[in-house]
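# Fold and contact review
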Number of protein chains: 2
Amino acid sequence: MASTIRDVAQLAGVSVATVSRVINKMGGVRPETERRIEDAMEELQYIPNVLARSVASKKTKLIGMIVPDIENPFFAAVYSGADKIVREFGYTTLLGGSNDTVDREEGLLQTMMEHQASGILLTAAFSRTKWIDRIGNRVPICLVDRDIEGIECDRVLIDNRRGAYDATKLFIQKGHRKIAIITGPLESTPGRERFEGYKSCLEDYGIKIIPDYIQIGDFRENSGYQLGRHLLQLNDPPTAILSSNNLMTLGLLEIIHTSSFKLGVDLGLIGFDDLPIATLMSPNLTVISRPMNEMGECAANMLIQRIHSPTKPKQTVIMTPHLIVRGSESINF
Amino acid sequence: MASTIRDVAQLAGVSVATVSRVINKMGGVRPETERRIEDAMEELQYIPNVLARSVASKKTKLIGMIVPDIENPFFAAVYSGADKIVREFGYTTLLGGSNDTVDREEGLLQTMMEHQASGILLTAAFSRTKWIDRIGNRVPICLVDRDIEGIECDRVLIDNRRGAYDATKLFIQKGHRKIAIITGPLESTPGRERFEGYKSCLEDYGIKIIPDYIQIGDFRENSGYQLGRHLLQLNDPPTAILSSNNLMTLGLLEIIHTSSFKLGVDLGLIGFDDLPIATLMSPNLTVISRPMNEMGECAANMLIQRIHSPTKPKQTVIMTPHLIVRGSESINF
DNA sequence: TTGTACGCGTTATCAC
DNA sequence: GTGATAACGCGTACAA
């Protein structure tokens, strides 16, 4: 059914080699011949088979992207930025969601290698897998948002400590002393680094660190809800909470909404990542905003550069989050 | 660098055919031989090249998905459901965002054909393109959420009229008579059908249709903001607004938030699609909820069935949205 | 149970 | 400028 390069060659009365030349715009073809070939392609509705091309050329224009959860707006935005760049360079995206499980991540990595992806953009599940090493030797990987130590590759990361530090500092400046944090697993870079930023800020300002105020969950909405409830039910509840990601913030807002606490009155809140709802509340939500699209764009650019020059020294780009102060950080003391 | 089936065969001391047999679990291989081959594969870290396989077999396990905007949580959820099914069947997803432009959509369709995708899940930009026809003849398409008339293919759609009708009816039951709608382009099925549901409900209840209360935009957040502002600034503003999608609802909430109108006091609101913030507001947001994951799952299932039996009569599944009544629909009259 | 040989659609290397 | 033709990595008759 589908026509091949040979059909085109036959109809145009030339050889497949010549057809290949015009398909790939390699020049060296008489204009008239070229026109005949283009007419034949049009008539046969010829669509080149990139799979066969890749088999022959040993190159693909495929880039694999592995993301924990495409439904999380943060990753959707990062992916979207990366996809834009990838497309501009004529590459195609192979996307998969690991759901933060190692099994799925390994499955996806394998799939992408089977498809001969030329490079991988990876926001890894929290543990390091042998597949990552196995693949790193074949094609370039660019780690996005979450670091994994001991891997030689490019990285686009966020200065999580700085973000958490700045937020905690703002709390302190607004008069808070009882500052809690809810965060994800300390084995993950975001979980650990945000906690460290929080902790070192409290230390710098001589504020005692209270274990009850440190709540560790799993970066999911329900986790934010549960940990938030726990915090609000303490005998001596915090006056401020730093939430370590967007989903946890949603869960936290949920429990606050159904509790007796009032945001901006007796409870301050700052969350990692901006949210569409941030400006729909009273008070508006103060957030630590990350350049999501830019992260994706940067990672995609680095990966594509890397594909073209594999030996160049590896780079790590660390992007800076910034506070968007909208009001929810302060309360009536 | 990367090892091939031949390398494995050589190391195991067998022929490529035998290796192929164990790769594809076709049986008929002596257990001992099989072990030798598996050892060889392990040692060489052999990864099969699915591209070469596809070239030879003329089959792929690739499914293309074209979505207007992956950053829209609705499409992210639909895609996520589809991806789950697709993966269960051993297929891989090729995802692309058209940004609702015909150019990009055509580019994506071409890319997917070049990659020999076995089927396409398509939420089309608003106009019909020649590529859709061209492709429909080669591989099955399943239209998702947005219909395009005159194409012979499977469909998974939503009963938009019903959703809009029910919402409008609820407004009326709550005492509203001045009911406005903001919606997307009437050339799109969602835009048109939701408007029709709204209109026919008003007619059924003998309520005059006021042109000023019908605001047409483009389904984006800013559109919701602008149209909402226009409505609220009318000399005789509506007491209720039906918003036709999630993004528009966000924009609408934004302008309401900054206006003198108070939700649930002098303005009622129902929006298409549930939102994470729906239960974080006062009053909570009443929405017309669509089964997003299920839509994607259903579409993926239908497409894969279709791939395996291309001649079976085409199906159209129409899913029913349902109201989640939370309070924002009524006001103090 | 295993091996040989050909074909898939394309690129790339020669020759002419 | 153009054309044969050998790869590319794999599946699959068909043969042994």
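Named according to an unreviewed UniProt entry, chain A is LacI family DNA-binding transcriptional regulator originating from Heyndrickxia acidicola.

### Thoughts on the protein's contact with DNA strand D
Taken together, 26 residues lie near DNA strand D, and Thr18, Arg21 and Thr33 of chain A together with Ile5 and Tyr46 of chain B sit nearest. By atom count, sugar and phosphate contribute 66% of the portion of DNA strand D lying within 4 Å of the protein. The side chain of Arg21 of chain A places a nitrogen or oxygen atom 2.7 Å from a base oxygen of DNA strand D. A per-element tally of the surface near DNA strand D places helix H2 (residues 16-23) of chain A first, with four residues.

### So, the protein's contact with DNA strand C
Contacts to DNA strand C come from 26 residues, most closely from Ile5 and Tyr46 of chain A together with Ser15, Arg21 and Thr33 of chain B. Take Arg53 of chain A: an N or O atom from its side chain is 2.8 Å from a phosphate oxygen of DNA strand C. Within the contact set of DNA strand C, a phosphate oxygen lies 2.4 Å away from a side-chain nitrogen or oxygen of Thr33 of chain B. Among the secondary structure elements, those contributing two or more residues to the surface near DNA strand C are helix H1 (5-12), H2 and helix H4 (50-57) of chain A together with helix H2 (16-23) and helix H4 (50-57) of chain B. The element best represented in the surface near DNA strand C is H4 of chain A, accounting for four residues. The class makeup of the residues in the surface near DNA strand C is 11 nonpolar, 10 polar and five charged.

### Some thoughts on the relation of the copies chain B and chain A
Note that the two copies of the chain are related through a rotation about an axis and a translation along the same axis. Superposing chain B onto chain A takes a rotation of 180 degrees plus a shift of 0.1 Å along the axis, which leaves an RMSD of 0.2 Å. These values place the two chain copies in the arrangement generated by a two-fold rotation axis. When the interface residues of chain B are mapped onto chain A, 98% of them are again interface residues, pointing to one common binding face.

### Details of the environment of Val265 of chain A
Residues and elements named next belong to chain A. Along the polypeptide, Val265 turns up in the loop between helix H11 (246-257) and strand E9 (268-272). It is 37 Å that separates the C-alpha atoms of Val265 and Ser80, two residues lying 185 residues apart in sequence. Beyond its immediate chain neighbours, meaning those up to four positions away, Val265 contacts Ile331 and Asn332.

What counts and what doesn't
Residues numbered from 1 in each chain as written. Chains lettered and ligands numbered in written order. Predicted model: local features only at pLDDT ≥ 70, side-chain atom pairs only at ≥ 80, totals over all residues. Heavy atoms only, no water. Near = heavy atom within 4 Å. Polar contact = N/O pair within 3.5 Å; in protein donor to acceptor, adjacent residues only side chain to side chain. Helix = DSSP H or I, 4+ residues; strand = E, 2+ residues; numbered from the N terminus. Nonpolar A, V, L, I, M, F, W, Y, C, P; charged D, E, K, R; others polar. Least-squares fit on C-alpha atoms with pLDDT ≥ 70 in both. Contact = heavy atoms within 4.5 Å.

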